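Here's the letter readout for the chains.
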2 protein chains.
Amino acid sequence: MPKPGVNDPEGEAIRGGLQSLGYDGVERVRAGKHYRLHIGAPEANAARASAEEMANKLLANPVIQTYVIESVTEAEGDR
Amino acid sequence: MPKPGVNDPEGEAIRGGLQSLGYDGVERVRAGKHYRLHIGAPEANAARASAEEMANKLLANPVIQTYVIESVTEAEGDR
């Protein structure tokens, strides 16, 4: 998700599109990416640490974007 | 997020990139969009209904994508 104050042309375009289609209540839209990763790791904490590192180093640009690791769950049948 | 079975070239490219950078544990990546909307509405349920309609009709393609309305909260100072 773009940090506060960072321009977001995609979000702006979506806001304009929604408003022109009659959704007048839409005041602001911010657009970001959502990734779901399946990570092979010995336990959930190791997977989280790996996800944190990939997000910070590679998937997000920490200068202009924020990121959140939403949840780490074990896939069924992994153990 | 692409539905199960739907091709996801962006996710595949990210998986390949992460693996080639040494993140061998990454088995699968699915890529989707995340939108944060500020909606002017009389109450939260009306905002949720509006978001549901926009997601289904305009923001997602229900043939190949799934979507989730994560949460609806009142912004501070709205009342």
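Whatever comes next refers back to the structure up there.
Read on for an overview of the structure. (Residues numbered from 1 in each chain as written. Chains lettered and ligands numbered in written order. Predicted model: local features only at pLDDT ≥ 70, side-chain atom pairs only at ≥ 80, totals over all residues. Heavy atoms only, no water.)

### Here's the deal with the interface of chain A and chain B
Link 1 in the chain: At the junction of the two partners, chain A supplies 29 residues and chain B supplies 29 residues.
Link 2 in the chain: Of the roughly 2700 Å² buried between chain A and chain B, counting both surfaces, carbon and sulfur atoms make up 59%.
Link 3 in the chain: Linking chain A to chain B there are 2 salt bridges.
Link 4 in the chain: Across the pair A:Lys33 and B:Glu10 runs a salt bridge, and its minimum N-O distance is 3.0 Å.
Link 5 in the chain: Secondary structure elements with two or more residues in the side of chain A that touches chain B: helix H1 (9–20), strand E1 (26–39) and helix H2 (44–59) of chain A.
Link 6 in the chain: The element that contributes the greatest number of residues to the side of chain A that touches chain B is E1(A), accounting for 14 residues. (Contact = heavy atoms within 4.5 Å. Buried area = accessible area lost by both parts, 1.4 Å probe. Salt bridge = Lys/Arg side-chain N within 4 Å of Asp/Glu carboxyl O. Helix = DSSP H or I, 4+ residues; strand = E, 2+ residues; numbered from the N terminus.)

### Some thoughts on the relation of the copies chain A and chain B
Link 1 in the chain: Note on the copies: chain A fits chain B at an RMSD of 0.0 Å, the axial shift is 0.0 Å, and the rotation between them is 180°. When the rotation and shift are considered jointly, the pair of chain copies conforms to a two-fold rotation axis. Every residue of chain A has its C-alpha some distance from the rotation axis, and the shortest such distance is that of A:Lys33, at 2.2 Å.
Link 2 in the chain: A shared binding surface is used by both copies, with 100% of the interface residues of chain A retained as interface residues in chain B. (Least-squares fit on C-alpha atoms with pLDDT ≥ 70 in both.)

### Observations concerning the environment of A:Gly40
Link 1 in the chain: Here A:Gly40 shows up in the loop between E1 and H2.
Link 2 in the chain: Spatially, the C-alpha atom of A:Gly40 lies 9.8 Å from that of A:Ala75, the residues being 35 residues apart in sequence.
Link 3 in the chain: A:Gly40 has contacts with B:Gly25 and B:Glu27, leaving out every residue within four places of it along the chain.

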